Amino acid sequence: MDHDTTRDKNVDENELYEGADPELQDLPLPKTDSMLYLILNSLNQNIANFNAYLKFKNYISEDSLNNELLKRSMGIHRDFSALFLHTKEELVFIHPELLEKAERILFRGDVGTDFIKYTCKMSKIIDDYKNVLYREGYLPDFKRQLMLTDT
């Protein structure tokens, strides 16, 4: 009798198992803080890549450039949407004007929009939004912490 069959028999006898895979039963759900860091990390990486491609656009073929810029723009849009939806509820009463501006940019949906200009506008809103998150204490400001530890 193999290991899986023995484990299935033990589960039937004990009847404590609820799910398809016993190893996955005790996995904790991700914490909100780590989720914000993951989203923010991906967002920062996509923005940096987008800006790098823009900076070196004269050295890359137009088809390749457009393909890479579109990928990065879509990644920025996806990550900012996730960050926005993840933190929007807490910031509605504190910064409604910023949320309105971010919603207009995120959910505008114009056909034929120049996605480079669109992504640059979105990057400005993202910077403002990240500053608000740092100011309101949702994310620790590592620069400020480094400055405090140096003194």
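Quick caveat: nothing in here was measured; it's all calculated off a predicted structure. (Residues numbered from 1 in each chain as written. Predicted model: local features only at pLDDT ≥ 70, side-chain atom pairs only at ≥ 80, totals over all residues. Heavy atoms only, no water.)

### Observations regarding the overall build of the chain
- Helices and strands together make up the secondary structure of the chain, namely six helices and zero strands.
- Each helix and strand of the chain, placed in order from N terminus to C terminus, yields the pattern α-α-α-α-α-α.
- Relative to its full complement of 151 residues, the chain shows a buried share of 26%.
- Restricting to contacts in the chain with at least 6 residues of sequence separation, those with at least 24 account for 66%.
- For the chain, the exposed area adds up to about 11,000 Å²; of that, 54% sits on carbon and sulfur atoms. (Helix = DSSP H or I, 4+ residues; strand = E, 2+ residues; numbered from the N terminus. Buried < 20%, exposed > 50% of the residue type's maximum accessible area, 1.4 Å probe, protein only. Contact = heavy atoms within 4.5 Å. Areas by Shrake-Rupley, 256 points an atom, 1.4 Å probe, with all protein chains shown as cover.)

### Regarding the packing of aromatic side chains
- On inspection of all chains with the given rule, the structure shows four aromatic pairs.
- Between the aromatic rings of phenylalanine 56 and tyrosine 59, the centroid separation amounts to 6.4 Å while the plane-to-plane angle is 50°, which identifies the pairing as tilted.
- We classify tyrosine 59 as exposed; its relative accessible area is 71%.
- By the ring-pair criterion, three or more aromatic residues cluster together here, those being Phe80, Phe84 and Tyr129. (Phe/Tyr/Trp six-rings, centres within 6.5 Å; stacked < 30°, edge-to-face > 60°.)

### Observations regarding the packing of helix H4 (residues 96-106) against helix H5 (residues 115-135)
- Packing of H4 against H5 brings their axes to within 10 Å, and their N-to-C directions diverge by 150°. Compared by their axis directions, H4 and H5 come out roughly antiparallel. The handedness of the crossing between H4 and H5 is left-handed. Counting all contacts with H4, which are made through Leu98, Leu99, Lys101, Ala102, Ile105 and Leu106, the residues of H5 involved are Tyr118, Lys121, Met122, Ile125, Asp128, Tyr129 and Val132. (Axes fitted to C-alpha atoms, helices over the stretch in contact; angles between N-to-C directions. Parallel < 35°, antiparallel > 145°, perpendicular 65-115°, else oblique. Left-handed = near helix turned anticlockwise from the far one by under 90°.)

### Structural notes on the side chain of threonine 87
- In this structure, threonine 87 sits in helix H3 (residues 62-91).
- Judged by its relative accessible area of 2%, threonine 87 is buried.
- Only 2.6 Å separates the side chain of threonine 87 from the side chain of tyrosine 129, close enough to count as a polar contact.
- Ignoring sequence-local partners within four residues, the contact set of threonine 87 consists of Leu36, Tyr129 and Leu133. (Polar contact = N/O pair within 3.5 Å; in protein donor to acceptor, adjacent residues only side chain to side chain.)

### As for the pattern of salt bridges
- Summed over all chains, the structure comprises four salt bridges.
- Among the ionic pairs, glutamate 68 bridges to lysine 71, the shortest N-O distance being 3.4 Å. Of the two residues, glutamate 68 and lysine 71 both sit in helix H3, three residues apart, roughly one turn of that helix.
- Glutamate 68 gets classed as buried once you look at its relative accessible area, which sits at 14%.
- Close ionic contact of arginine 72 with glutamate 68 constitutes a salt bridge, the shortest N to O distance being 3.1 Å. Taken as a pair, arginine 72 and glutamate 68 lie in helix H3 at a separation of four residues, close to a single helical turn.
- A relative accessible area of 18% places arginine 72 in the buried class. (Salt bridge = Lys/Arg side-chain N within 4 Å of Asp/Glu carboxyl O.)

### A few points about H4
- Looking at H4, one finds that the buried residues are Leu98, Leu99, Ala102, Ile105 and Leu106. Projection of H4 onto a plane perpendicular to its axis shows the buried side chains occupying an angular sector of 125°, all on one side. Residues of H4 that are exposed and point more than 90 degrees away from the buried face comprise Glu97 and Arg104.
- Among the structural elements, H3 and H5 are those in contact with the buried residues of H4. (Arc of directions from axis to C-beta.)

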